[in-house]
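Descriptive analysis of the structure
The chain contents come next:
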Amino acid sequence: MASPSAAGDRVFIGPGLSPFKRIVTFAAVTGLTFLVLWIAIHQGASAIGSTIAAIVFIAGFIIYLRIIAPVPFTIEFGKESLVKRSKNGEVIEVRWDQLTRVKEEFFPNGKRIGITVYRKPSAPQEKAKAWAVYRDDVTDLDALAKALQQAIPETCEWKSETVHE
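This report concerns the structure included in the present document. (Residues numbered from 1 in each chain as written. Predicted model: local features only at pLDDT ≥ 70, side-chain atom pairs only at ≥ 80, totals over all residues. Heavy atoms only, no water.)

What to know about the pairing of strand β6 (residues 112-119)
Among the eight residues that make up β6, eight are buried, leaving the element largely enclosed by the rest of the structure. Note that strand β5 (residues 99-106) and β6 share seven bridges and pair antiparallel. Pairing of Arg101 across the sheet is with Tyr118, part of β6. With antiparallel pairing between neighbouring strands as the criterion, β5 and β6 make up a hairpin whose turn holds five residues, including Gly110 at a positive phi of roughly 95°. Where β6 meets strand β7 (residues 129-134), five bridges bridge the pair, whose relative direction is antiparallel. Looking at the pairing, Ile115 lines up with Val133 of β7. (Buried < 20%, exposed > 50% of the residue type's maximum accessible area, 1.4 Å probe, protein only. Helix = DSSP H or I, 4+ residues; strand = E, 2+ residues; numbered from the N terminus. Pairing = 2+ DSSP bridges.)

Take a look at the structure:
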């Protein structure tokens, strides 16, 4: 295996939710809201309870979408560490000497699904699993895997699994 510095300062990007999906979702939720309000106006006072329930349901759905929406991030290979930075301000830094295991998962057809990075916890609140990325999260998952294979230290275990058989 190569030394961590052999990876250089490579950066991989997780773009988050695409503008197309964001626009289509916004249009669909807006259209649904207008439909509910149109029905409420045409039904009059008898639809007040149903309208309130529908608006609460739509608001809950919007909150749910905000929670599950993928946040843009970058994964940077530095000389000292592997750093994942999210647009929302979350930074996960794993020093090369703390890296214990990298697990990659494949479909039975050989297509890579995701990569998970594990570390030696340095504090009680830290978990061994540092982060995981999946095919749809990052622009080039295969290149990320190759760069990780070249950069991990000798003490780090590389594990490949076939899942969903």
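Quick notes on helix α1 (residues 19-43)
The end-to-end C-alpha distance of α1, which contains 25 residues, comes to 36 Å, matching closely the 36 Å that a straight helix rising 1.5 Å per residue would cover. The complete set of buried residues in α1 reads Val29, Val36 and Ala40. Those residues of α1 that are buried are in contact with α2 (48-68). (Expected span 1.5 Å × (residues − 1). Contact = heavy atoms within 4.5 Å.)

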